[in-house]
Amino acid sequence: MNAPTAHRAFSPGRIWAIASNTLLELVRLKVFYFMLLFALLIIGSSLFMVNFTFQQQFQVLKDVSLGAMSIFTWLLAVLATAMLLPNDIEDRTLYTILAKPVPRLEYILGKLLGVLLLLAVAITLMTAVFCIVLYAREQMVLAETARVEAPSDELAAALANVKASTFNANLIPGILIIYLKAAVCAALTLLISTFASSSIFTIIVSVVVYFIGHLQPIAREYWLAALPGGADPSPFLKVLLGLVALVFPDFQLFNLVDDIVVGNAVPLAMFLKTAGLGLGYISIYTLVAYLFFANKEL
Amino acid sequence: MSAPAISIRNLTKVFPIPFKRESVVAVKELSLEVESGQVYGLLGPNGSGKSTTMKIVLGLVAPSSGSTEIFGRDSRRVESREDVGFLPENPYFYKYLTGTETLDFYGKLCGLGGKKRRERTRELLSLVGLENAADRRIGGYSKGMLQRIGLAQALVQEPRLLVLDEPTAGVDPAGSREIRDLILDFKMRGITVLLCSHLLGQVQEICDRVGILHRGVLVREGRLEELISIGNQTELILENASPDVLAEVEQVIARGHGRVVEKRKPQTTLERYFLKVTGGEE
Amino acid sequence: MWRTRLIAMAVLALFGAGKMRFEQQLADEHRAAFFHTAKLDLSLRQQLGQMGFLAALSGFRAVLADILWLQAHAAWERTEWGRMKLLFDTVTALQPRAMFFWDMAAWHMAWNASVAAREDKTQPREALRIKAQREYFKVGEDFLLRGIQNNPDRPLLYDALGRLYRDKFNDHAKSAEAYEKAASFPEAPEYDRRFAAYEMAQVPGREREAYNRLTEFYRMGEKERLPTLLRLLRELEVKLNVPPAQRIPKVESPH
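These numbers come from a predicted model, not from an experiment. (Residues numbered from 1 in each chain as written. Chains lettered and ligands numbered in written order. Predicted model: local features only at pLDDT ≥ 70, side-chain atom pairs only at ≥ 80, totals over all residues.)

A separate point is the overall build of chain A. When its secondary structure is counted, chain A shows eleven helices and zero strands. Shown N-terminal to C-terminal, the secondary structure of chain A runs as helices and strands in the order α-α-α-α-α-α-α-α-α-α-α. Once local pairs closer than 6 in sequence are excluded, the contacts in chain A between residues at least 24 apart make up 82%. (Helix = DSSP H or I, 4+ residues; strand = E, 2+ residues; numbered from the N terminus. Contact = placed C-beta atoms within 7 Å.)

Helix and strand counts for chain B stand at nine helices and ten strands. Principal-axis analysis of the C-alpha atoms places the extent of chain B at approximately 70 × 50 × 45 Å. Residues classed as buried in chain B amount to 40% of the 282 residues present. Considering only contacts in chain B between residues 6 or more positions apart, those separated by 24 or more positions represent 67%. (Buried ≥ 20, exposed ≤ 12 C-beta atoms within 10 Å, placed from the backbone.)

It is worth spelling out the arrangement of the chains at this point. The protein chains that touch form two pairs of chains, and the pair with the most contacts between them is chains A and C. In this view chain B stays clear of chain C, with the nearest C-alpha atoms of the two still 10 Å from each other.

Another aspect to go through is the interface of chain A and chain B. Each partner contributes residues to the interface: chain A has 28 residues there, and chain B has 28 residues. Those elements that provide at least two residues to the side of chain A that touches chain B are α1 (12-27) and α4 (93-98) of chain A. Broken down by element, the residue count for the side of chain A that touches chain B peaks at six residues, all from α1 of chain A. Partitioning the side of chain A that touches chain B into residue classes produces twelve nonpolar, eight polar and eight charged. (Nonpolar A, V, L, I, M, F, W, Y, C, P; charged D, E, K, R; others polar.)

Working definition: the strands of a sheet are paired by backbone hydrogen bonds and lie parallel or antiparallel to each other. Residues and elements named next belong to chain B. Ordered by their spatial adjacency, four strands build an open sheet running β2-β1-β4-β5, and the pairing between neighbours is antiparallel. Looking at which strands have only one partner, the edges of the open sheet turn out to be β2 (23-34) and β5 (73-74). Sheet analysis places strand β4 (residues 65-70) next to β5, joined by two bridges and oriented antiparallel. Across the sheet, Glu69 pairs through a bridge with Asp74, a residue of β5. Running at roughly 115° to strand β1 (residues 6-16), helix α1 (residues 50-57) makes contact with β1, β2 and β4 of the sheet. (Pairing = 2+ DSSP bridges. Axes fitted to C-alpha atoms, helices over the stretch in contact; angles between N-to-C directions.)

Counting residues in hydrophobic clusters, the biggest one holds 205 residues, and the most contacted among them are Ala77, Leu119, Ala183, Ala186 and Ala187 of chain A together with Val163 and Val193 of chain B. Among all residues touching Ala77 of chain A, those that are not within four sequence positions of it are Val115, Leu119, Ala182, Ala183, Cys185, Ala186 and Thr189 of chain A. (Core = buried A, V, L, I, M, F, W, Y, C linked by C-beta atoms within 7 Å.)

It is worth spelling out the confidence of the model for chain B at this point. Residue and element names in this part refer to chain B. With 98% of its residues at a pLDDT of 70 or more, chain B has an overall mean of 87. Mean pLDDT across the elements of chain B ranges from a minimum in helix α9 (residues 270-277), with 73, to a maximum in helix α2 (residues 99-109), with 94. Taken over the whole predicted complex, pTM reads 0.87, whereas the ipTM for its chain interfaces reads 0.86. (pLDDT = per-residue confidence, 0-100.)

Next up on the list: the sheet that holds strand β6 (residues 84-87) of chain B. All names here are of chain B. The sheet built from six strands is open, its strands ordered β6-β7-β8-β3-β9-β10 with mixed pairing. This sheet does not close on itself; its edge strands, each paired only once, are β6 and β10 (217-223). Neighbour to neighbour, the strand axes of the sheet diverge by 15° on average, direction disregarded. Seen against the sheet, helix α4 (residues 143-154) touches β6 and β7 (161-165) and runs at an angle of roughly 165° to β6. On the sheet, helix α5 (residues 173-188) packs against β3 (39-43), β7 and β8 (192-197) and is oriented at approximately 150° with respect to β8.

What follows is about unusual backbone geometry. Located in the positive-phi region is Glu29 of chain B, a residue other than glycine, with phi close to 45°. Mapped onto the fold, Glu29 of chain B is located in strand β2. What makes Glu29 of chain B partly exposed here is the crowd of 14 C-beta atoms within 10 Å. Phi at Thr79 of chain C is positive, roughly 50°, even though this residue is not glycine. Position of Thr79 of chain C among the secondary structure elements: in the loop between α2 (42-77) and α3 (81-94).

Once that is clear, we can look at the environment of Val139 of chain C. Residues and elements named next belong to chain C. Along the chain, Val139 falls in helix α5 (residues 126-150). Judged by the 20 C-beta atoms lying within 10 Å of it, Val139 falls in the buried class. Separated by 25 residues in sequence, Val139 and Ser114 place their C-alpha atoms 9.5 Å apart. Residues in contact with Val139, not counting those within four places in the same chain, are Lys85 and Met109.

The next thing to look at is the interface of chain A and chain C. Across the contact, 40 residues belong to chain A and 36 residues belong to chain C. It is helix α11 (residues 268-294) of chain A that provides the largest number of residues to the side of chain A that touches chain C, a total of ten residues. When the residues that make up the side of chain A that touches chain C are grouped by side-chain class, the tally is 21 nonpolar, 13 polar and six charged.

All names here are of chain B. For β1 and β2, the ladder comprises eight bridges, and the chain directions are antiparallel. Across the sheet, Pro16 pairs through a bridge with Ser23, a residue of β2. Where β1 hands over to β2, the hairpin turn is made up of six residues, of which Phe19 adopts a positive phi near 65°. Strand direction decides the pairing type here: β1 and β4, joined by five bridges, are antiparallel.

Attention shifts here to the environment of Asn264 of chain A. Its location among the elements puts Asn264 of chain A in the loop between α10 (257-261) and α11. Residue class for Asn264 of chain A comes out buried when judged on the 21 C-beta atoms lying within 10 Å of it. In this structure, the C-alpha to C-alpha distance between Asn264 of chain A and Ala99 of chain A, residues 165 residues apart in sequence, is 52 Å. If we ignore the near neighbours within four places in the chain, the residues touching Asn264 of chain A are Asn170 and Asp259 of chain A together with Ala33, Phe34, Phe35 and Arg97 of chain C.

Turning to helix α9 (residues 207-219) of chain C, a few remarks are in order. Residues and elements named next belong to chain C. The terminal C-alpha atoms of α9 lie 18 Å apart, and with 13 residues this matches the ideal 18 Å at 1.5 Å per residue to within 8%. Along its buried surface, α9 packs onto α8 (191-201) and α10 (227-239). Among the residues trailing α9, Gly221 stands out with phi positive, at a value near 130°. (Expected span 1.5 Å × (residues − 1).)

This part covers the pairing of β6 of chain B. All names here are of chain B. The two faces of β6 match: Val84 and Phe86 on one face and Gly85 and Leu87 on the other face are all buried. Where β6 and β7 come together, four bridges link them in parallel fashion. Note on β7: the bridge partner recorded for Leu87 is Leu164.

Residue and element names in this part refer to chain C. Looking at where Leu232 falls in the secondary structure, it is placed in helix α10. In the structure, Leu232 is positioned 21 residues away from Tyr211 in sequence and 8.5 Å away in space, judged by C-alpha atoms. Aside from chain neighbours lying at most four places away, what touches Leu232 is Tyr198, Ala201 and Leu214.

Turning next to the confidence of the model for chain A. Caution applies to low-pLDDT parts of the model: their predicted coordinates are not meant to be read in detail. All names here are of chain A. Confidence in the prediction of chain A, expressed as mean pLDDT, is 86, and 88% of residues score 70 or more. Within chain A, no element has a lower average pLDDT than helix α2 (residues 31-45), which sits at 67, and none a higher one than helix α7 (residues 171-193), at 96. Every residue in residues 1-5 is under pLDDT 50, and counting partners more than four places away or in other chains gives nine contacts.

In this section: the packing of α11 of chain A against helix α1 (residues 2-32) of chain C. Close contact between α11 of chain A and α1 of chain C brings their axes to 11 Å; oriented N to C, the two are set at 170°. Between α11 of chain A and α1 of chain C, the interaxial angle falls into the category roughly antiparallel. Every residue of α1 of chain C that contacts α11 of chain A at Met270, Lys273, Thr274, Leu277, Gly280, Ile284, Leu287, Val288, Leu291 and Phe292 of chain A is listed here: Thr4, Ile7, Ala8, Val11, Leu12, Phe15, Lys19, Phe22, Glu23, Leu26, Glu29 and His30 of chain C. Across the contact of α11 of chain A with α1 of chain C, the residue classes tally to 14 nonpolar, four polar and four charged. (Parallel < 35°, antiparallel > 145°, perpendicular 65-115°, else oblique.)

Below you can see the structure in the form of structure tokens.
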């Protein structure tokens with residue numbers, strides 16, 4: 001028989017076992033294939049913008065694709081995370097897992113990591129399709145442009161112009177931030193699900209927080225600075241705005257692609273700070289999720 | 001002397017009812033010990049506090065007061081789970097995993113290394129008789145197979161204690177018999193078993209000791225035969241005894257101031273009969 | 001459970017207090033890099049409706065702008081100029097960093113809508129037709145000026161403004177100024193510098209300055225000696241009484 005051995009307080013191996021199993025569980029849910037398919041359809045559909053100039057075509061293609069990526073990663077994050085705990089509780093697999101020497105923190109981390117892996121797979125797939133579509137369109141436009149009779153230097157300039165309006169390196173940080181925003185939403189949803197009574201409740205609360213989070217900067221700016229024109233809001237309103245600014249994340253800070261598509265550059269320092277903020281939210285939400293989960297009666 | 005497999009001291013668990021001032025007392029001042037090597041039956045009707053007690057022992061629920069230990073380690077500590085395997089009532093495992101993958105997953109959770117894990121998985125699958133279903137998805141398992149893979153996962157890290165919650169609920173008689181035999185087999189190997197059940201016939205067959213919970217209170221506790229034997233009676237079962245012999249026996253009994261309370265043909269149990277006609281008996 | 005909730009709230013509040021300032025700083029930094037410059041205000045909300053406004057707020061600003069742009073395109077095919085202007089206003093408010101929208105909106109107004117107004121068969125009085133035409137020039141100018149306000153870091157709209165002043169307002173001074181501003185950006189096309197000099201040549205009082213610049217281009221070699229350059233140089237040589245020895249050689253025009 002086993003002699004009592006020293007227990008490893010923190011084991012990446014266990015977290016990985018739970019994470020990879022969670023990924024497998026999520027990938028097996030067919031509803032998410034439909035969502036990916038839908039994303040692919042939308043990206044494909046922006047091919048049919050042929051009556052417009054190439055700048056317009058590419059801009060619409062990028063806007064629609066990145067918009068679809070944002071909404072799908074977000075939906076995936078919320079829907080997938082909301083059902084993880086309820087499913088494990090309902091199937092009693094949670095009991096069998098926690099009856100093993102698995103600290104609850106590791107369980108929470110493993111589940112979150114599983115969702116983050118799923119989101120990474122999803123956004124990588126979508127980015128790949130997006131790049132392929134964009135590249136194919138670029139080649140078509142380049143071929144059309146090359147057929148035009150023009151002096152060689154003007155033609156070269158025109159071709160360079162086409163290339164400049166397709167993929168630009170600033171899209172990469174933009175897509176990373178889309179991922180991070182979805183990851184923050186996943187951590188938030190996991191936190192809610194540790195005390196929620198049903199996954200519907202979890203989803204609703206998470207969606208509401210998402211929308212309020214986009215209005216948060218308005219509240220924050222009113223709170224930090226007095227109203228423009230010197231008018232002071234009522235004390236009640238002031239407290240309310242302060243609470244919104246305090247509790248909710250500023251999701252606007254994670255919307256960079258809209259401006260990147262139209263040519264904004266992302267300075268490295270700004271990217272790192274934005275990413276840092278996202279990681280901060282993920283850590284703090286995970287910590288609070290753990291606090292609730294550690295004291296949860298199963 | 002080694003620590004008992006389970007030791008419960010003055011355990012009380014109160015569940016508050018949300019939005020109400022009242023609360024439910026699920027377990028009240030419960031104390032009991034399960035000695036190492038025993039098969040202990042915890043009995044009681046639904047809602048008597050069996051499940052709560054079990055969950056507290058496993059650290060799934062925190063006690064309101066009192067404490068529980070597994071081989072001397074407090075249930076609230078993660079390490080205490082190294083020595084216990086748990087089979088919940090009506091367990092489902094991840095449907096998309098095969099039997100092998102399921103055991104592999106639980107082996108990883110227990111920190112077993114690759115080679116050891118594979119060996120252990122194979123060993124357990126053969127122990128519970130699922131070698132032929134090892135590579136089938138759990139989604140296609142029957143109730144009895146689920147229960148057996150559940151037992152195997154509970155044993156994956158070779159714990160010294162098994163906690164089984166209604167291990168035969170919903171399983172057909174043949175499967176039920178197999179599980180019973182497995183439990184006896186574990187006992188032979190020195191594994192302590194805490195069995196929660198309301199199927200008294202089964203408990204009677206395999207348990208050394210039982211505790212009866214009623215409304216959160218331990219109302220009776222002790223060795224099974226002591227609890228249920230009727231002190232001044234003896235049962236004789238005779239074979240090929242002629243009526244003359246029987247008459248003589250009765251005379252002998254009367255001479256010793258004894259009394260024949262009942263005379264009847266012994267019957268097999270319906271379970272044994274069922275197993276015999278369906279070929280389940282060895 | 002209550003203890004847990006209290007601790008959780010305390011953790012969130014502590015983090016919230018810390019992150020609020022950080023978020024404000026980061027938001028300022030984002031704005032300095034021209035992110036989130038769209039003014040999502042009440043008037044935009046009226047134009048977009050509740051759902052549209054919510055979509056714009058929650059990360060679908062760009063897609064919404066594209067959809068409205070397509071609507072404007074449809075309005076153009078039906079020559080609904082007033083509707084186009086309204087849609088352009090909304091589109092540019094949603095995507096103030098899309099140069100393309102400002103540029104095209106101004107072009108539609110100053111070049112297309114203005115011509116349509118000039119040739120409006122329903123308006124018999126020519127004075128009013130000319131007035132309407134001028135108003136569309138102003139609308140075009142207004143789009144470019146607002147666009148420049150939102151994109152002070154890019155040359156394209158200055159370039160468009162130079163062209164508008166030159167071709168529609170016939171205002172060489174303003175045109176020269178706009179082209180010059182465009183040319184001051186390193187990534188500006190080279191013709192901006194040339195156009196600035198061309199326009200300057202037609203501004204009374206700046207002939208000498210223009211002459212010096214044009215000569216500079218001339219000296220850069222054969223490639224720069226474009227017909228307009230040569231014509232303007234010769235005109236200035238006459239105006240400024242440049243001594244014949246310093247004038248550029250007379251060459252037979254190819255035609």
